[in-house]
Amino acid sequence: MATSSSIVQRRKGWPYDVFLSFRGVDTRNNFVDHLFAALHRAGLHTFKDDTMLGGGQPISEELLKAIRESRWAVVVFSKNYATSSWCLEELSNIMECHKQMGQMVLPVFYHVNPSDVRRQKRDYATAFETHEDKFKGDMDKVNKWREALTAAARLSGQHIIPDHGSESTYINNIVVQILANKQPRGASRENNLIGIQPRIDALISLLKMEAAEEVRIVGILGMGGIGKTTIARALFNRIAHKFEGSSFVIDVRENSSSKKDICALQQKILEDILGVSIGFGIHDPENGGEVIEERCCRKKVFLVLDDVNDVKQLEFLAGTREWFGLGSRIIITTRDQHLLSYANANDKYIPALFRIDQALELFCRHAFRKSSPPDGFVNLTNRAINYAHCLPLALKVLGSFLCGREANVWGSALDTLAKTRSGEVFDTLKLSFDYLSVFEKQIFLDIACFYKGYNVDDVTRKFDSFGFNPVIGISVLVEKSLITISSKNRLDMHDLIQEMGRKVVQASVPNSRLWEREQIHDLINYKVMNLSPFTS
C-alpha cells in the first residue's frame, strides 16, 4: 500500500478529506446520509460509495484508490457491518493505510458495543462463523479481517447508543474533530509568515475563547501595510472550525461604495455562515441586517470584517452583538480607532512593526530568495530596511523591485528615496512603478483604477486588444509584488499600492482614468455645459 506515489500524494495533499465506510442496509438512508450532508456543508470533500453491489464481487480498484487518497476514514460499525465481506475488505485496506501512510481513522459504533466489535462477539461472532465456513480455504483473509476489526475498535471514536442523545450532536462532534485536525488551506504559507505565531497568540488571548456566554468584538488597528489582513486571515484559518459558521469579508471599504455592494456583502456573510444559499437576493441593507440577525442570532459564529472605514458598514454588517449567538467572535481590521469605539469593541490589538531581524528576513526573502544578504549587499540591505521603516508591505515591494539588480542600481534607487523623503512609504512603493516599462505602467494603472478583483483571463483579453502584451506584463507586476493573483484567478493588490497608482493618475493626467461615479458625473456635466449653445 505504501507505494512511492502514495507517499508523494500524502506530501502534496489528499484528494479526499474523508472516506466513509458503512453497511448500506443499516445506515445508508439515515445516519450515514445525514453525516455525509454535514461533512459536505463543512466543506469536507467526502467519498461515499453509493453503489449497490451483490455479494462475492471483489473490491474495485477505484474504491481502493479512494481509500488511499483520503486523509480520514470514518468507519461506521453497525449491527450488520461484519456480515459484508466487502466492508471487511474495505476496513482491512483502511487499517493498512492507517499503519503505512498515517491515515486518520475514526470509528463510529452505531448502536453496537465497541467491545463486541473489538472481540467479535454477538452479531459479529455470528457473521464470522459464516465467513469461516465460506472461506475455509482462505483463513488468512478471515484472520486479517479480525485483526483489522480489533485494531480499528481500539481507536478513540464515537459510541452512539439508541435514545441516548441526539444523533445530530454526534454528527457535529465528528465534523468538528475532523476539521480540528485538517490542515487548513493556505496553512503551509502561513507557517512561513515571519513572526505570525506570537501575533495569533496575542489575538486569541484577547478573544477569550473560554468566555462562551458572551459575544466579543476585537479590533486589529494599525496603519496600512502593517499586516492587519494577513494576521486576521492566519487567525481565521486557525480557529474558524471551532464555530458553527464563519465568514471572512475582505476589503469592506472598497466593496461597500453603494447599497448594492452592501447587500452583496450581507448575502456573502449569510451564505458563508449558513453554508447554503439563502434562496433569495437581498436588495435593501436595512432588510439584509434584519435577515442576518434573524438567521444568526442563535449560532456561534466567527466573523472577520476586513478594512472597515465607515460606521455605516458596521451598522449593516454587524449591527449589534445581539445579531449573533453566544460564544460568537467578531474581528474588525481598521485604520480608524473611532470605529472600534463606535463598535464598542472589547479590546484592540495594534501590531508592532517588525523587529530588525524580522525585517531583514522578510526583505531578503524577496530581494535574494534567502534569509540573509550576500557579500557586498549588507550595507545596501540595511539602507533599504531603513527606508522601508520595517513596514512589511514596503519591505516586500522594495525587496522584489531590487531583486536581481546590480549593486550600483541598488545605490541609485536608494539615493532617489533619500532625496524625496516626502511620503516615505508611498515613495518606496512608487519606486517600483517608476522602473516599469510604458506598457507595464499602463497595465498597472488600469488594474489600480478599474480591474482589481476581476478575472485575470477577462482582463488579459481586454489588454491584449490594446497591444499591451498583458501576459508578460501581468507576470512582471506579480514578480514586483505590485499585484497578486488569488486562488480564484482574480487580480488583487494591496489597498496602499492601489492608492499609490490612483495618485499617480491624478497627478499626471487627471481625467485619463475615471473610477468614481462623482468624477464621471462632474466631467459629463462640465462637457455638456461647455458644449451647450445656450450657455453664456
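Each remark here, short or long, concerns the structure printed above.
The notes below deal with the structure included here. Just so we're clear, the structure is a prediction, and the values are computed from it rather than from any experiment.

1. Quick look at a negative patch on the surface
Turning to step 1, where the next piece is worked out: On the surface, Asp284, Glu286, Glu290, Glu293, Glu294 and Glu322 cluster together into a patch of negative charge.
Turning to step 2, where the next piece is worked out: Relative to the elements of secondary structure, Asp284 occurs in the loop between α13 (259-274) and α14 (285-296).
Turning to step 3, where the next piece is worked out: Classification of Asp284 by relative accessible area gives partly exposed; the value is 32%.

2. Some details on the pattern of salt bridges
Turning to step 1, where the next piece is worked out: Within the structure shown, the criterion is met by 19 salt bridges.
Turning to step 2, where the next piece is worked out: One salt bridge connects Asp133 with Lys136, and the closest N-O pair in it is separated by 3.4 Å.
Turning to step 3, where the next piece is worked out: Lys136 gets classed as exposed once you look at its relative accessible area, which sits at 60%.
Turning to step 4, where the next piece is worked out: Measuring nitrogen to oxygen at the nearest pair gives 3.1 Å for the salt bridge that ties Glu361 to Arg365. With a gap of 4 residues between them, Glu361 and Arg365 both fall in helix α17 (residues 356-367), about one helical turn apart.
Turning to step 5, where the next piece is worked out: We classify Arg365 as partly exposed; its relative accessible area is 31%.
Turning to step 6, where the next piece is worked out: The structure contains a network of salt bridges with shared partners spanning Arg253, Asp307, Arg335 and Asp495.

3. Quick notes on the side chain of His241
Turning to step 1, where the next piece is worked out: Following the sequence through the fold, His241 ends up in the loop between α12 (228-239) and β7 (245-249).
Turning to step 2, where the next piece is worked out: A residue is classified by how much of its surface remains accessible, and His241, at 16% relative accessible area, is buried.
Turning to step 3, where the next piece is worked out: At 3.4 Å, the side chain of His241 and the backbone oxygen of Arg238 are in polar contact.
Turning to step 4, where the next piece is worked out: In contact with His241, not counting residues within four places along its chain, are Leu179 and Ala180.

4. A word on the sheet that holds strand β3 (residues 70-77)
Turning to step 1, where the next piece is worked out: Taken in spatial order, the 5 strands of this open sheet run β2-β1-β3-β4-β5, and their pairing is parallel. With one partner strand each, in any of the chains shown, β2 (46-48) and β5 (158-160) form the two edges of the open sheet. In this sheet, adjacent strand axes meet at a mean angle of 20° when their direction is disregarded.
Turning to step 2, where the next piece is worked out: Sheet topology places strand β1 (residues 16-21) next to β2; 3 bridges connect them, and they run parallel. When the bridges of β2 are listed, Leu20 appears paired with Lys48.

5. So, the packing of aromatic side chains
Turning to step 1, where the next piece is worked out: Taken as a whole, this structure holds 22 aromatic pairs when the rule is applied.
Turning to step 2, where the next piece is worked out: Ring centres of Phe243 and Phe302 lie 5.1 Å apart, and the angle between their planes is 20°; on these two criteria the pair is classed as stacked. Of the two residues, Phe243 sits in the loop between α12 and β7 while Phe302 sits in strand β8 (residues 301-305), which places them 59 residues apart along the sequence.
Turning to step 3, where the next piece is worked out: Judged by its relative accessible area of 0%, Phe302 falls in the buried class.
Turning to step 4, where the next piece is worked out: Ring geometry for Trp323 and Phe324: centres 6.4 Å apart, planes at 55°, overall tilted. Exposure class is identical for Trp323 and Phe324. Each is buried.
Turning to step 5, where the next piece is worked out: Feature note: the residues Phe439, Phe450, Tyr451, Tyr454, Phe463, Phe466 and Phe468 constitute an aromatic cluster, connected by ring pairs.
Turning to step 6, where the next piece is worked out: For the cation-ring pair, Arg233 lies above Phe248, with the distance from its terminal atom to the ring centre recorded as 3.8 Å.
Turning to step 7, where the next piece is worked out: The ring of Phe243 has Lys300 sitting right over it, with the charged end atom 5.3 Å from the ring centre.

6. Comments concerning the environment of His494
Turning to step 1, where the next piece is worked out: Mapped onto the elements, His494 comes out in the loop between β12 (491-492) and α25 (495-508).
Turning to step 2, where the next piece is worked out: For His494, a relative accessible area of 29% puts it in the partly exposed group.
Turning to step 3, where the next piece is worked out: Between the C-alpha atoms of His494 and Leu482, which are 12 residues apart in sequence, the distance is 7.9 Å.
Turning to step 4, where the next piece is worked out: Excluding anything up to four places from it in sequence, His494 contacts Gly224, Gly225, Leu393 and Lys452.

7. Focus: helix α18 (residues 378-388)
Turning to step 1, where the next piece is worked out: Along α18, the residues classified as buried are Leu380, Thr381, Ala384, Ile385, Tyr387 and Ala388. Here the buried residues of α18 occupy an arc of 160° about the axis, which is enough to place them on one side.
Turning to step 2, where the next piece is worked out: Positive backbone phi, approximately 55°, marks His389, located one or two places after α18.

8. Thoughts on the pairing of β3
A regular strand places its side chains so that they alternate between the two faces of the sheet.
Turning to step 1, where the next piece is worked out: The element β3 is largely enclosed, with a buried count of 7 among its 8 residues.
Turning to step 2, where the next piece is worked out: Where β1 lies against β3, 5 bridges are found, and the strand directions are parallel. Residue pairing across strands places Ser21 opposite Val75, the latter belonging to β3.
Turning to step 3, where the next piece is worked out: On the question of chirality, the crossover connecting β3 to the parallel strand β4 (residues 104-110) by way of helix α5 (residues 85-101) is right-handed.

Basis of the calculations
- Along each chain, residue indices are assigned from 1 in the same order as the chain's sequence is written.
- A pLDDT threshold of at least 70 governs which residues receive local features in this predicted model, and a stricter bar of 80 or more applies before side-chain atom pairs are shown or counted, although totals over entire chains, interfaces and linings include all residues.
- In computing side-chain properties, one takes all heavy atoms of the structure into account and sets aside hydrogens as well as water.
- Patches were defined on residues exceeding 30% relative accessible area and lacking a salt bridge, with like-charge contacts within 9 Å and nonpolar side-chain contacts (Val, Leu, Ile, Met, Phe, Trp, Tyr) within 5 Å.
- Per-residue and other accessible areas follow the Shrake-Rupley method at a 1.4 Å probe size, with only the shown protein chains counted as cover for residues.
- A carboxyl oxygen of Asp or Glu within 4 Å of a side-chain nitrogen of Lys or Arg is what we treat as a salt bridge.
- Charge assignment: positive for Lys and Arg, negative for Asp and Glu; neither His nor the chain ends contribute.
- By convention, the charge on Lys lies at NZ, on Arg at CZ, on Asp at CG and on Glu at CD.
- Each helix is a run of H or I in the DSSP string that is no shorter than four residues. Each strand is a run of E no shorter than two, and both are numbered from the N terminus.
- With a 1.4 Å probe rolled over the protein chains alone, any residue whose accessible area is under 20% of its type maximum counts as buried; one over 50% counts as exposed, and the rest are partly exposed.
- In protein, a polar contact means a hydrogen-donor-capable atom and an acceptor-capable atom, both N or O and within 3.5 Å, with residues adjacent in sequence counting only if both atoms are side-chain atoms; elsewhere, any N or O pair within 3.5 Å suffices.
- Whether two residues are in contact is decided by their heavy atoms: any pair within 4.5 Å suffices.
- Any two strands between which DSSP finds at least two bridges are classified as paired.
- Note on definitions: angles span 0 to 180 degrees between N-to-C directions of axes, and those axes are lines fitted to C-alpha atoms, for helices only across the stretch in contact.
- The pairing test for Phe, Tyr and Trp rings, Trp by its six-membered ring, is centres within 6.5 Å, and the orientation test on the planes gives stacked under 30 degrees, edge-to-face over 60, and tilted for anything in between.
- Our definition puts a charge over a ring when NZ of Lys or CZ of Arg is within 6 Å of the ring centre and also within 35 degrees of the ring normal.
- The arc in question is the one traced by the directions running from the helix axis out to the C-beta atoms.
- Note on handedness: a crossover is taken as right-handed if, strands pointing away from the viewer, the path from the first strand over the helix to the second is clockwise.

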